[in-house]
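Spelled out from the first residue to the last, the chains are:
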Amino acid sequence: MAKTPTVNQIKENIEAKLSRQFGCTASEASRDQIYKAAVLTVKDILTSKRGDFKKRVNQTGSKRVYYMCMEFLLGRSLKTNLFNLGINEEYKKSLAELGFELEDLYECEPDAGLGNGGLGRLAACFMDSLSSLNYPATGFSICYEYGLFKQMIVDGMQIELPDNWLPGGEVWLVPRTDRVFTVKMGGRVREEWQNGHLQVIYEDCEEIEAVPYDMMISGADSDAVSRLRLWRARDTRNFNMGLFTQGQYTRALEESTNAEIISKVLYPSDNHTEGKMLRLSQQYFLVSASVQSIIRDHMAVYGTLVNLPEKVAIHINDTHPALCIPELMRILIDDYFFSWEHAWDIVVKTVSYTNHTVMPEALETWNEDIFQFKLPRLYAIIKEINERFCKDAWKSFPGNWDRISKMSVLGYGQVRMANLSVIGSHSVNGVSKLHSEILKASTFKDFYKMYPERFCNVTNGVAHRRWLCYSNPKLAELLDNCIGTGYRHNPEELANFAKFADDKTVLQAVRDIKHQNKISFSNYLMKKTGVAIDTHSVYDVQIKRLHEYKRQLLNALNIIGLYLDLKENPNLDIQPQTFIFGAKAAPGYHMAKQIIKLLCYIGKDIEQNPAIREKLKVVFLEDYNVSLAEALIPSAEISEQISLAGKEASGTGCMKLMINGALTIGTLDGANVEMLAAAGEENMFIFGLTASDVDELWLKGYNSALYYANNERLKKIVNYLNVGFAGESFSDIANYLLSGYGIADPYMCLADFESYRQTHESLITAYQDKERWNRMSLMNIASAGYFAADRSIEDYAKNIWKLKKMPYTEER
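So, here's what we can say about the structure.

Criteria and cut-off values
Residues numbered from 1 in each chain as written. Predicted model: local features only at pLDDT ≥ 70, side-chain atom pairs only at ≥ 80, totals over all residues. Heavy atoms only, no water. Helix = DSSP H or I, 4+ residues; strand = E, 2+ residues; numbered from the N terminus. Expected span 1.5 Å × (residues − 1). Buried < 20%, exposed > 50% of the residue type's maximum accessible area, 1.4 Å probe, protein only. Phe/Tyr/Trp six-rings, centres within 6.5 Å; stacked < 30°, edge-to-face > 60°. Lys NZ or Arg CZ within 6 Å of the ring centre and 35° of its normal. 1 Å grid on protein atoms, 1.4 Å probe; cavity = no way out; pocket = protein on both sides within 12 Å on 5 of 7 lines; lining within 4 Å. Points joined across faces, edges and corners; volume = space filled by probe spheres on them. Nonpolar A, V, L, I, M, F, W, Y, C, P; charged D, E, K, R; others polar. Pairing = 2+ DSSP bridges. Right-handed = clockwise from strand over helix to strand, strands pointing away. Core = buried A, V, L, I, M, F, W, Y, C linked by side-chain atoms within 4.5 Å. Contact = heavy atoms within 4.5 Å. Salt bridge = Lys/Arg side-chain N within 4 Å of Asp/Glu carboxyl O. Polar contact = N/O pair within 3.5 Å; in protein donor to acceptor, adjacent residues only side chain to side chain. Axes fitted to C-alpha atoms, helices over the stretch in contact; angles between N-to-C directions. Parallel < 35°, antiparallel > 145°, perpendicular 65-115°, else oblique.

**Focus on helix α35 (residues 789–801)**
With 13 residues, α35 should reach 18 Å at 1.5 Å per residue; the first-to-last C-alpha distance of 16 Å falls well below that figure. Along α35, the residues that are buried comprise Ala789, Asp790, Arg791, Ser792, Ile793, Tyr796, Ala797, Ile800 and Trp801. Lys802 occupies a position one or two residues after α35 and carries a positive phi of about 55 degrees.

In structure tokens form, the structure reads like this:
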């Protein structure tokens with residue numbers, strides 16, 4: 001491992017960067033200039049480490065993994081890299097001598113806006129663990145100029161603003177203009193024989209340059225530095241000076257920027273043809289550039305592609321990068337003249353696929369005509385893949401064309417990306433045990449009968465060093481004192497904390513730390529927003545993407561019940577409760593936006609009533625992101641994981657909250673099932689229908705109105721939606737629950753309401769028994785080791801990628 005720089009060396013390096021990059025001294029520098037100079041010195045350390053590690057990997061011929069994902073929700077990098085490199089204190093002292101506080105510099109860095117939610121955050125956690133465990137790894141994504149969006153709440157409505165993260169974030173990027181690749185789209189293709197080979201000729205196609213920008217991700221006390229390669233689109237044509245000199249300025253600029261739109265925005269709206277074309281272009285741009293890069297690097301070391309599956313694992317995280325399957329086929333066949341059979345064998349042995357959803361509407365499909373127009377060569381390859389697969393499927397299901405048509409890649413005018421991902425991968429995994437069983441029993445049941453050996457499970461995990469050690473240093477210090485520091489590298493050692501379940505001193509310390517974290521978050525929120533929170537209230541937290549199946553609405557119904565209780569009797573003796581929400585809704589998702597508005601207006605109404613606001617508060621956190629999560633999660637006491645059973649693939653927020661000592665109220669869905677097995681029924685609060693109950697209820701015929709009619713409290717709550725809050729009626733949500741826009745209450749909020757209400761009541765009763773609550777909190781922390789990303793990566797490496805970690809050069 002690299003030698004730790006001294007305080008003086010760091011100071012000299014920062015001063016040198018200030019002089020060369022900004023032409024100033026430390027005394028003249030702004031805080032932003034100091035931040036960027038410090039980042040440049042850290043980047044130098046990472047680049048040097050990365051070079052040394054890559055050299056060892058090449059010399060030993062070690063297999064490496066390439067992880068493709070449309071999003072990587074990294075958050076801020078400076079703090080994590082300094083802690084992972086073990087040089088946080090040295091930088092703190094160096095900067096203090098220069099007259100700056102390191103904590104202030106952390107605030108200069110924007111959250112890297114390259115992701116949306118759980119998918120992108122999981123990918124970021126995995127890159128951290130791959131480095132920490134000394135595995136050779138590269139991530140691939142797009143260098144979006146604007147991230148998802150910055151969320152502003154105006155009168156309860158979500159407004160989307162551009163997330164311009166690059167001015168402060170670009171300093172982490174290393175441009176690699178020596179590794180530019182060309183991506184071809186549109187036009188026509190024709191084939192002709194030349195020199196004994198079938199040559200594919202492109203005519204009138206659009207050529208786009210993919211320019212790589214590398215971001216280095218350090219591991220904790222390891223040799224490895226993972227590389228996240230982000231592609232930026234650039235037009236291959238020179239600026240049209242002729243048009244410009246003729247005065248056609250706009251047209252000249254349009255020609256030069258059309259290609260660059262591809263890397264402008266993460267997840268552009270696709271409720272129109274142009275949006276669909278752009279999303280498809282983004283996905284192909286990502287996989288084509290990435291596969292070309294993989295092939296180039298592999299050939300530079302080995303000079304042949306015959307051994308690709310032995311030296312390379314390509315992992316597609318959800319279906320967005322599924323086009324890497326036909327793209328790899330294209331390169332093997334068109335550029336290296338492999339036979340179809342040999343190329344397909346290489347592709348299947350190289351590629352693996354993680355599914356992240358069982359929601360039918362989220363299993364990606366593309367209109368066949370759009371696909372053929374935009375990607376004519378890939379369309380021809382997919383047609384061949386589909387035809388050969390259908391012939392194989394006929395052998396497994398003779399005469400059953402209905403079944404085979406559902407399994408095919410092409411069908412009913414659609415290109416089905418999930419089917420392509422299963423057919424073209426040697427491994428297909430879900431992200432929790434329940435989710436993986438649903439994939440085998442329902443979503444991909446026919447594929448499971450045909451390829452049973454391909455299906456497995458890898459339960460998600462979180463970067464426990466970031467979410468526990470760095471975000472909750474007081475709790476980490478208590479753990480260090482009680483069980484030693486081994487858990488930092490071996491998270492399973494957290495189980496040793498259970499030995500202190502009856503130690504009154506440790507239990508009190510757990511409680512004191514939680515309260516200190518609550519005060520810290522309260523101060524943070526007051527400073528950022530001016531909103532005050534009662535630190536003696538219970539912090540009840542639901543932080544996740546706003547979607548109907550995640551059921552923020554169920555939480556809202558229970559809050560409305562408490563609000564009505566206090567409205568009827570302001571002197572009611574209840575435990576003060578603060579309900580904290582953080583969520584973004586997709587820009588075109590009307591119902592999700594209405595639920596945000598409902599939560600905001602409930603909070604606004606409560607604030608207008610002094611008697612109620614002493615005991616009840618609703619806080620909606622504007623523009624929820626990774627940095628906000630790092631501040632909030634250590635303070636959370638109740639973790640709301642209340643999705644309709646069978647809908648949540650796994651979830652990772654639940655794991656971050658658990659490892660920080662929050663107690664879960666949840667359904668038997670996603671990772672909750674395994675968390676319950678780990679922590680024990682006595683340490684979680686489970687309610688509601690199971691996945692099989694939900695299926696059975698749908699078969700019988702679900703009627704939400706029956707639950708409404710048979711529960712007076714629920715009836716009063718739903719009726720009050722018509723009255724509304726702070727002068728705004730929410731009758732549309734009441735109608736959604738009772739009559740719907742097709743199906744009433746499609747995620748069964750009313751069916752699960754009474755069970756949820758009673759379980760929440762028992763949760764609050766338990767909270768008032770401080771010793772019991774502290775013990776449950778401790779047991780959750782002790783049971784969370786399994787849900788670390790390190791364990792997930794070891795599962796992937798051993799069972800799917802067949803990857804071996806590089807030996808550490810020093811004892812950890």
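**A closer look at the packing of aromatic side chains**
Here the structure, examined in full by the defined rule, presents 25 aromatic pairs. Seen from their ring centres, Phe444 and Phe447 are 6.1 Å apart, and the 75 degrees between their planes marks the pair as edge-to-face. Of the residues examined, Phe447 reaches a relative accessible area of 3% and is grouped as buried. Ring geometry for Tyr796 against Trp801: centres 5.0 Å apart, planes inclined by 15 degrees, an arrangement best described as stacked. Here Tyr796 matches Trp801 in class, with each residue buried. In textbook terms, an aromatic cluster arises when at least three aromatic residues are bridged by ring pairs, as seen for Tyr67, Phe72, Phe126, Tyr796 and Trp801. Directly above the aromatic system of Tyr213 lies the positively charged group of Arg232, at a separation of 4.3 Å from the ring centroid. Of note, Arg791 hangs over the ring of Tyr786, and the distance from its end group to the ring centre comes to 4.0 Å.

**Re empty space enclosed by the protein**
All told, the structure shown has 7 cavities of 30 Å³ or more when counted by the stated rule. Along the walls of the largest cavity sit Leu74, Ser77, Thr80, Asn81, Arg121, Ala124, Asp128, Met215, Met216, Ile217 and Arg466, which together make up its complete lining. Elements that contribute at least two residues to the lining of the largest cavity include exactly α3 (78–85), α6 (118–132) and β9 (206–218). Roughly 70 Å³ of volume is contained in the second largest cavity. If you trace the second largest cavity, you find it lined by Lys544, Gln641, Ile642, Ser643, Glu648, Ser650, Gly651, Cys654, Asp669, Ala671 and Asn672. Tallied by class, the residues present in the lining of the second largest cavity amount to 3 nonpolar, 5 polar and 3 charged.

**Side note on the sheet that holds strand β13 (residues 365–367)**
Read across the sheet, 3 strands follow the order β13-β15-β14 without closing on themselves; strand pairing throughout is antiparallel. Strands at the two margins of the open sheet, each flanked by one partner only, are β13 and β14 (410–411). In this structure, β13 lies alongside strand β15 (residues 414–416), joined through 3 bridges in antiparallel fashion. Among the inter-strand pairings, Thr365 is bridged to a residue of β15, identified as Arg416.

**Comments concerning the layout of surface pockets**
Empty space within the second largest pocket amounts to approximately 700 Å³. In terms of lining residues, the second largest pocket is bounded by 30 residues, among which Val358, Pro360, Ser442, Thr443 and Phe444 are the most central. Among the elements that take part in the lining of the second largest pocket, helix α29 (residues 691–700) stands out by supplying 5 residues, more than any other. Of the residues contributing to the lining of the second largest pocket, the split by class is 14 nonpolar, 7 polar and 9 charged.

**Quick word on unusual backbone geometry**
Positive phi, close to 65 degrees, is recorded for Asn134, a residue that is not glycine. Along the chain, the position of Asn134 falls in the loop between α6 and β2 (137–142). The backbone phi angle of Ala726 is positive, close to 50 degrees, even though this residue is not glycine. With respect to the helices, strands and loops of the structure, Ala726 is situated in the loop between α31 (712–723) and α32 (731–738).

**Here we look at the pairing of strand β22 (residues 663–666)**
Burial along β22 is two-sided: Leu663 and Ile665 and Thr664 and Gly666, pointing in opposite directions, are all buried. Inspection of the sheet shows strand β21 (residues 638–641) paired to β22 by 4 bridges, in the parallel sense. Residue Gln641 lies in a different strand from β22, and its bridge partner there is Gly666. Where the polypeptide runs from β21 across helix α27 (residues 653–659) and back to β22, its parallel neighbour, the crossover connection is right-handed. In this fold, β22 hands off to helix α28 (residues 672–679), which returns the chain to strand β23 (residues 685–686); that crossover is right-handed.

**A closer look at the nonpolar core**
Counting residues in hydrophobic clusters, the biggest one holds 203 residues, and the most contacted among them are Phe285, Leu323, Phe371, Phe497 and Trp801. The greatest single-element share of this core, amounting to 10 residues, is contributed by helix α10 (residues 273–302). Those residues within four positions of Trp801 in sequence are excluded, and the remaining contacts are Lys63, Val65, Tyr67, Leu130, Ala313, His315, Ser352, Ile793 and Tyr796. Ranked by size, the runner-up nonpolar core spans 72 residues in total, among them Tyr549, Tyr589, Leu714 and Trp773.

**A word on the sheet that holds strand β20 (residues 616–621)**
On the basis of which strands lie adjacent, the open sheet formed by 6 strands has the order β20-β19-β18-β21-β22-β23 and parallel pairing. Looking at the sheet topology across the chains shown, the edges are occupied by β20 and β23.

**What to know about the environment of Val174**
Residue placement: Val174 occurs in strand β5 (residues 174–175). When the C-alpha atoms of Val174 and Thr47 are compared, they prove to be 9.1 Å apart, with 127 residues separating the residues in sequence. If near-sequence neighbours (up to four positions away) are discounted, Val174 is found in contact with Lys43, Pro212, Tyr213 and Asp214.

**Concerning the pattern of salt bridges**
Considering all chains together, one arrives at 55 salt bridges under this definition. As a salt-bridge pair, Glu387 and Lys391 come within 3.7 Å of each other at their nearest N and O atoms. Taken together, the positions of Glu387 and Lys391, both in helix α15 (residues 376–396) and 4 residues apart, correspond to about one turn of that helix. A salt bridge links Glu630 to Arg466; the nearest nitrogen and oxygen atoms lie 2.6 Å apart.

**Things to note about the side chain of Gln151**
For Gln151, the position within the fold is in strand β3 (residues 150–154). Relative accessible area serves as the criterion here: at 3%, Gln151 is assigned to the buried category. In terms of polar contacts, Gln151 uses its side chain to reach the backbone amide nitrogen of Asp623, at 2.9 Å. Setting aside anything within four residues of it in sequence, one finds Gln151 in contact with Gln158, Ile159, Ala583, Lys584, Ile596, Phe620, Leu621, Glu622, Asp623 and Tyr624.

**With respect to helix α22 (residues 504–529)**
Its 26 residues place the ends of α22 37 Å apart at the C-alpha level, agreeing with the 38 Å of an ideal helix rising 1.5 Å per residue. Of the residues making up α22, those classed as buried are Val506, Leu507, Val510, Ile513, Lys514, Asn517, Lys518, Phe521, Ser522 and Leu525. At the N-terminal boundary of α22, the capping side chain belongs to Asp503, with an oxygen 3.0 Å from the backbone nitrogen of Thr505. One or two positions beyond α22, positive phi appears at Gly530, with a value near 80 degrees.

**Observations concerning the packing of helix α23 (residues 552–568) against α31**
At their nearest, the axes of α23 and α31 sit 9 Å apart, and the two run at 95 degrees to each other. Regarding the angle of α23 to α31, the classification is roughly perpendicular. Across the interface between the two elements, Leu557, Ile560, Gly561, Leu562, Tyr563, Leu564, Asp565, Lys567 and Glu568 of α23 pack against Arg713, Lys716, Ile717, Tyr720 and Leu721 of α31.

**Side note on the pairing of strand β18 (residues 538–543)**
Here β18 lies mainly inside the structure; 6 of its 6 residues are buried. Residues Val538, Asp540 and Gln542 line one face of β18 and the alternating positions Tyr539, Val541 and Ile543 line the opposite face, and both faces are buried. As paired strands, β18 and strand β19 (residues 577–582) are joined by 6 bridges and run parallel to one another. Residue Tyr539 lies in a different strand from β19, and its bridge partner there is Thr578. Handedness of the crossover joining β18 and β19 through α23: right-handed. As defined by bridge partners, β18 adjoins β21 across 2 bridges and the pair is classed as parallel. Counterpart to Val541 in the pairing with β21 is Ser639.

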